[in-house]
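# Geometric and topological summary
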Amino acid sequence: MITSQQMRAARALLGIDQRELAELAGLSLPTIQRMEASNGQVRGVVDTLVKVITALESAGIELLGEYSSSVGSGRGVRLREPADADLKAPGRALLSAKFPSRPAIR
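Residues numbered from 1 in each chain as written. Predicted model: local features only at pLDDT ≥ 70, side-chain atom pairs only at ≥ 80, totals over all residues. Heavy atoms only, no water.

### Let's talk about helix α1 (residues 4–14)
- What α1 keeps buried is the set S4, M7, A10 and R11. All buried residues of α1 lie within an arc of 125° about the axis, which places them on one face of the element. Of the exposed residues in α1, those oriented more than 90 degrees away from the buried face are A12 and L13.
- Contacts from the buried residues of α1 go to α2 (18–25), α3 (29–37) and α4 (46–58).
- Count one or two residues on from α1 and you reach G15, which has phi positive near 75°. (Buried < 20%, exposed > 50% of the residue type's maximum accessible area, 1.4 Å probe, protein only. Helix = DSSP H or I, 4+ residues; strand = E, 2+ residues; numbered from the N terminus. Arc of directions from axis to C-beta. Contact = heavy atoms within 4.5 Å.)

See the structure below:
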């Protein structure tokens, strides 16, 4: 299955709009708009869902289900549950681990 959030994120990674996704999948623009407007998992005709997934995968997108691991390489984005530890400064732990503070250069 695919969620509306995955569809929007996949389009963003590819740098395409809804019209271009519709063309890639062989579907109408209103169909893509309806799919992306849904909340959570996209519901619809199985054939339509397969067309969208096939088009995205052919364009280089790897769709990941919940708790699944990635088998590909390259860049990507995955949504996870927020950590309770540092909700006030999201991303700060990652940044401080990658770029530890150094004394100022004078």
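### A word on the environment of V42
- Looking at the element boundaries, V42 is found in the loop between α3 and α4.
- Taking C-alpha positions, V42 is 5.2 Å from T3, a pair spaced 39 residues apart along the chain.
- If sequence neighbours within four positions are ignored, V42 has contacts with M1, I2, T3, S4, M7, M35 and L49.

### Description of the side chain of T48
- Examined against the element boundaries, T48 turns out to sit in helix α4.
- Excluding residues within four positions of it along the chain, T48 makes contact with L27, T31 and M35.

### What to know about the nonpolar core
- Ranked by internal contacts, the top residues of the largest apolar core, which has 16 residues, are M7, I32, M35, V52 and L56.
- Of all the elements in the fold, those that place two or more residues in this core are α1, α2, α3 and α4.
- Of all the elements, α4 adds the most residues to this core, at 4 residues. (Core = buried A, V, L, I, M, F, W, Y, C linked by side-chain atoms within 4.5 Å.)

### What to know about α2
- Listed in full, the buried residues belonging to α2 are L21, A22 and A25. All buried residues of α2 lie within an arc of 100° about the axis, which places them on one face of the element. Set apart from the buried face of α2 by more than 90 degrees, the exposed residues are R19, E23 and L24.
- The secondary structure elements touched by the buried residues of α2 are α1, α3 and α4.
- Where α2 starts, the residue carrying a side-chain oxygen 3.2 Å from the main-chain nitrogen of R19 turns out to be D17.
- Of the residues trailing α2, G26 is marked for its positive phi of about 70°. (Polar contact = N/O pair within 3.5 Å; in protein donor to acceptor, adjacent residues only side chain to side chain.)

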